[in-house]
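# Coordinate analysis (summary)
Next come the chains, spelled out residue by residue.
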Amino acid sequence: MSSTCRAVVWKGKGHLEVVERQIPKPDPKMVLLKVRAAGICGTDLHILSGTHPHAHPPLVPGHEFAGEVYKIGKGVDKKLIGARVGSDSYVGCGECMYCRSKKTQLCEKGTRELGVNIDGGWTEYLTVPVENLYLIPENVDFTDVGAGCILNCPMAAVESVKINPSDMVVIIGDGPSSLVMIQLARLKGASKVIIAGHRERRLSLALEFGADHVINTYENDLIEFISELGSAPQVVIDAVGKAETVGMALTIAEREGRVHLFGLPEGPLNNISMDILLWKEITLTGSTGAPGLWPPVMELLSRGYLKVAPIISHRFRIEEAPKAIEFINDNPKQVIKAIFEMQ
Ligand SMILES: [Zn+2]
Ligand SMILES: [Zn+2]
């Protein structure tokens, strides 16, 4: 085995380079992972454009990745060598009450995230804490798991907003996570699932995944559509993260409805009529990561209840990273979810 490997390094706004670097050695309670697939996420595009508040160059991006355990540090079970694993991206202090209950995304010592403010998975080898790992079932592809946070984060949203059988669910935004949420809402027994977005390729996939209605917001008005429907949704998930869409979610929600904030806002969400919360007695929730939800997600993938492969529209090799990112930025209609695949 060579002592070096390739890694993608972000060196500042619009500047991405593929470099050769030393393969790291795993510290105690860490493992060396041979990466087989790494997702390219909307969050990464924020980082590369310099608009992510927690990311500073130089950085190896990649908070979504899966691979094989290649070496182990002291204190790690030898049986893990060769295991097919995915890794959560949040690195917690391990001591606060959030870390002890698998909610490292809320760590009291501050958020440390692989690929965001510590070097991540856009590389052939990296070391990660053993407690971040989860096992991948034999019949699940590395590529599907490499799709990353479009798997566990939508599940966190769906669990947090508590979808009951017979609920009407509206999802605002047509990102890849929304396409997973549709499937999860269906599994929860939602009576009707409606998605609003504007990218045709994603909206037709939404129909394949069981959405009852897709609303192209460039052509139709979601508020008008709901009022013509004659009944309002019990659950609305905002997967965009703009004041306008959150306001829309509160407007269309049924009395005593549940509204969930999932889309990443670029800053404070201002000018929303929050009085609606009171008048309609709405419950508002939010979620970010979900390290504890990987095992149930793996179970759903393994049993075929959750489909990810159709969402992965583009696969790239790590050495073509700069061109891949350029392509993704230039083709937002074509690309749904892209990933890097490694040998
Ligand atoms: Zn902590
Ligand atoms: Zn992500």
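Residues numbered from 1 in each chain as written. Chains lettered and ligands numbered in written order. Predicted model: local features only at pLDDT ≥ 70, side-chain atom pairs only at ≥ 80, totals over all residues.

This brings us to the domain arrangement of the protein. The domains assigned to the protein are domain 1 (4–147 + 308–341) and domain 2 (151–286). Here domain 1 and domain 2 have C-alpha centroids that lie 28 Å from each other. With 11 residues of domain 1 in contact, the opposing surface of domain 2 contributes 10 residues. Taken together, the residues that form the side of domain 1 that touches domain 2 break down as 5 nonpolar, 4 polar and 2 charged. (Domains from an automatic or database assignment. Contact = placed C-beta atoms within 7 Å. Nonpolar A, V, L, I, M, F, W, Y, C, P; charged D, E, K, R; others polar.)

Both strand β1 (residues 4–12) and strand β2 (residues 15–22) contribute to a ladder of 8 bridges, which runs antiparallel. Within β2, the position partnered with Trp10 by the bridge is Leu16. Where β1 folds back onto β2 in an antiparallel hairpin, the turn is made up of 2 residues, including Gly14, whose phi is positive at roughly 70 degrees. (Pairing = 2+ DSSP bridges. Helix = DSSP H or I, 4+ residues; strand = E, 2+ residues; numbered from the N terminus.)

Spatially, the 6 strands line up as an open sheet ordered β10-β9-β8-β11-β12-β13, and their pairing is parallel. A strand with exactly one partner marks an edge of an open sheet, and here the two such strands are β10 (213–216) and β13 (283–286). Taken over all neighbouring pairs, the strand axes of this sheet differ in orientation by 15 degrees on average, direction set aside. Both strand β12 (residues 258–261) and β13 contribute to a ladder of 4 bridges, which runs parallel. (Axes fitted to C-alpha atoms, helices over the stretch in contact; angles between N-to-C directions.)

Looking now at unusual backbone geometry. Pro58 follows Pro57 through a cis peptide bond whose omega is -5 degrees. Within the secondary structure layout, Pro58 lies in the loop between α1 (42–48) and β4 (65–72). Phi angles above zero are rare outside glycine, and Lys102 is one such case at about 60 degrees. Mapped onto the elements, Lys102 comes out in the loop between α2 (97–100) and β6 (125–129).

Membership of the largest hydrophobic core comes to 105 residues, with the highest contact counts inside it found for Ile172, Ile182, Ile195 and Ile237. Viewed by domain, this core spans two of them, domain 1 (4–147 + 308–341) and domain 2 (151–286), each represented by three or more residues. (Core = buried A, V, L, I, M, F, W, Y, C linked by C-beta atoms within 7 Å. Buried ≥ 20, exposed ≤ 12 C-beta atoms within 10 Å, placed from the backbone.)

Right, let's talk about helix α6 (residues 200–208) for a bit. Side chains that are three or four residues apart share a direction in an α-helix, a result of its 3.6 residues per turn. Within the span of α6, buried status applies to Arg202, Leu203, Leu205 and Ala206. Seen along its axis, α6 keeps its buried residues to an arc of 160 degrees; they face one direction. For α6, the exposed residues lying more than 90 degrees away from the buried face are Ser204 and Glu208. Buried residues along α6 sit in contact with α5 (176–187), β9 (192–197) and β10. (Arc of directions from axis to C-beta.)

Right, let's talk about the environment of Ile272 for a bit. Tracing the backbone shows Ile272 in the loop between β12 and α9 (275–279). What makes Ile272 partly exposed here is the crowd of 16 C-beta atoms within 10 Å. Separated by 102 residues in sequence, Ile272 and Val170 place their C-alpha atoms 19 Å apart. When sequence neighbours within four positions are dropped, the list of residues in contact with Ile272 reads Ala243, Val246, Gly247 and Leu250.

Its place among the elements puts Lys74 in the loop between β4 and β5 (84–87). Distance from Lys74 to Asp174, taken between C-alpha atoms, is 44 Å for residues 100 residues apart in sequence.

What follows concerns the packing of helix α4 (residues 149–160) against helix α10 (residues 294–302). At a minimum axis distance of 10 Å, the contact between α4 and α10 shows a crossing angle of 110 degrees. With respect to their mutual orientation, α4 and α10 come out roughly perpendicular. Residue-level inspection shows Leu151, Asn152 and Met155 of α4 in contact with α10, the latter providing Trp294, Pro296 and Val297. Tallied by class, the residues present in the contact of α4 with α10 amount to 5 nonpolar, 1 polar and no charged. (Parallel < 35°, antiparallel > 145°, perpendicular 65-115°, else oblique.)

Moving on: the pairing of strand β14 (residues 312–316). Sheet analysis places β14 next to strand β15 (residues 337–341), joined by 4 bridges and oriented parallel. From the neighbouring strand, Arg315 faces β15, where its bridge partner is Ile339. Viewed along the sheet, the connection from β14 through helix α11 (residues 321–330) into β15 turns out right-handed. (Right-handed = clockwise from strand over helix to strand, strands pointing away.)

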